[in-house]
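The chain contents come next:
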Amino acid sequence: MNKKYNGMNDIIFKNTFYIEKNKDLLKWLIESCLDMKIDELELKDRELIKDNKIIKSKVVDTIIKTNGKVFNVEINNGESEQFIRDRNLGYLASIYSNALNTSENYVLQPISVQINLTSKNNKIHEVSKYMLKSEYGEFWSEKFIIYEFNVDKLKKTYYNKTKVEKERFKPLIMLISSNEELEKLCNGDERVKRYKDRVEELNDDPEYTILMSDEEDDKKLKATREYLEKLRDQEYNEKNKKLDERIKEVDKKEQEVDKKEQEIEKEK
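Quick notes on the rules
Residues numbered from 1 in each chain as written. Predicted model: local features only at pLDDT ≥ 70, side-chain atom pairs only at ≥ 80, totals over all residues. Heavy atoms only, no water. Helix = DSSP H or I, 4+ residues; strand = E, 2+ residues; numbered from the N terminus. Buried < 20%, exposed > 50% of the residue type's maximum accessible area, 1.4 Å probe, protein only. Contact = heavy atoms within 4.5 Å. Areas by Shrake-Rupley, 256 points an atom, 1.4 Å probe, with all protein chains shown as cover. Axes fitted to C-alpha atoms, helices over the stretch in contact; angles between N-to-C directions. Parallel < 35°, antiparallel > 145°, perpendicular 65-115°, else oblique. Left-handed = near helix turned anticlockwise from the far one by under 90°. Phe/Tyr/Trp six-rings, centres within 6.5 Å; stacked < 30°, edge-to-face > 60°. Lys NZ or Arg CZ within 6 Å of the ring centre and 35° of its normal. Salt bridge = Lys/Arg side-chain N within 4 Å of Asp/Glu carboxyl O. Nonpolar A, V, L, I, M, F, W, Y, C, P; charged D, E, K, R; others polar.

(A) Layout of the overall build of the chain. Tallying secondary structure elements over the chain gives eight helices and six strands in all. Listed by position from the N terminus, the elements making up the chain come as α-α-β-β-β-α-β-β-β-α-α-α-α-α. Looking at the chain as a whole, 38% of its 268 residues are labelled buried. A sequence separation of at least 24 residues applies to 64% of the contacts in the chain between residues at least 6 apart. Accessible surface, the chain: about 17,500 Å² in total, of which carbon and sulfur atoms supply 50%.

Here's what the structure looks like:
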C-alpha cells in the first residue's frame, strides 16, 4: 500500500494552496493563523501557479491587506528543529529587509509576518507568537512577527474546543487529517471537501508522488548523515577522553615515582 501524504508535506501544501482555483483556501488558512479577516490577498512578484505545473521550490511571500495595514506573510510547514527555526528567521529577515528598502517611509513599511506550521515536536505550544520585545515587555518594533502553530497538539484538543475555536482552527486541523477524518471535519464545508479532493488527486498522480517520495528520501538521507556525524564525533570524543585518562594515569605514576625518589633522597 502506497504511503498517503497530507498537507504538511511541502509539495502537497504548495500545490494545493498556491493554485489559482484555491486562492480562497490560502486566504482562509492565513485568516485562521492571524485570527483576522483579510480584505485583499496577492502573491508578490508573480502569478498564481496553474494546476498543471508542479511547485517544488520555495514559494515567495504573500501580501495581504486589511484594516488599512499591509502584511508580508511567509508560510513554512514541517518539523521545527532549532536549525530550521534559525533558517526560517533568515527568510523573515530577508522579507523585512526587502520591505524596508521598497517602502516610501518607515511608517508605511508593511508588517513582516512568518507563519510556521509545525509538527513532531512536543516542546512547542499549541499557538505561540514571537515579537521583538525587551526583558521589560517594551516593543522594539511591532513590524516583525512570528506565529507558530503545533498542528499535532491542536488536533488532540480540537474536539474539546469551543465552536468558535473549532471554526478558526479547522484549516489547520485538516492539514494533518486522514480521508476519514476529513469526511467528519467537512460536515457540509465545501472548502474542506475541495482540499480533500485536491490532496487525493495529488496522491494519485505518479508525477507528484515520485517528487514527494524523493523529498522524503532526501530528508532521511540528511538525517542519516547527521546521525553518522554525531556518532563519529561521539567516538572521537570517547577516544580523546580515554587518551586524557591515560595521560592523567601516567602523570599520576610519574608523580608517585618522583615522590618516592624524593623520600629516598631525604633518607640519605
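(B) Region of the structure containing the packing of helix α1 (residues 10-17) against helix α7 (residues 190-203). Contact geometry for α1 and α7: axes closest at 10 Å, N-to-C directions at 125°. As the angle between them shows, α1 and α7 are arranged oblique. Classified by chirality, the crossing of α7 by α1 is right-handed. Residues I12, N15, T16 and F17 of α1 form the contact with α7, whose participating residues are Y195, R198, V199, L202 and N203.

(C) The environment of P171, seen in detail. Here P171 is to be found in helix α5 (residues 163-173). Spatially, the C-alpha atoms of P171 and L25 are 8.4 Å apart, while their sequence positions differ by 146 residues. With residues up to four places along the chain from it excluded, the contact list for P171 reads W28, L29 and S32.

(D) Up close: the packing of aromatic side chains. This model, assessed by the stated rule, comprises three aromatic pairs. Through a chain of ring-to-ring contacts, three or more aromatic side chains come together here, namely F13, F17 and Y195. Across the ring face of Y159, the terminal group of K184 is positioned such that the distance to the ring centre comes to 4.6 Å. It is R191 that lies over the ring of W28; its NZ or CZ is 3.9 Å from the centre.

(E) The environment of R168, seen in detail. Among the secondary structure elements, R168 is positioned in helix α5. The spacing of R168 and L29 is 139 residues in sequence and 9.1 Å in space, taken between C-alpha atoms. Ignoring anything within four residues of it in the chain, the contact list for R168 reads S32, C33, D35 and F149.

(F) Structural context of the pattern of salt bridges. For the coordinates displayed, the defined rule picks out 17 salt bridges. Notably, a salt bridge pairs R168 with D35, separated by 3.9 Å at the nearest N-O pair. With R168 in helix α5 and D35 in the loop between α2 (23-34) and β1 (40-43), this residue pair connects regions lying 133 residues apart in the sequence. Judged by its relative accessible area of 24%, R168 is partly exposed.

(G) Structural detail: the packing of α2 against α5. Their axes nearest at 8 Å, the elements α2 and α5 cross at an angle of 125°. Put simply, α2 runs oblique to α5. Of the two elements, α2 crosses α5, and the hand of that crossing is left-handed. Contacts between α2 and α5 involve W28, L29, S32 and C33 from the first element and R168, F169, K170, P171 and L172 from the second. For the contact of α2 with α5, a count of residues per class yields six nonpolar, one polar and two charged.

Honestly, it's all geometry; don't read function into it.
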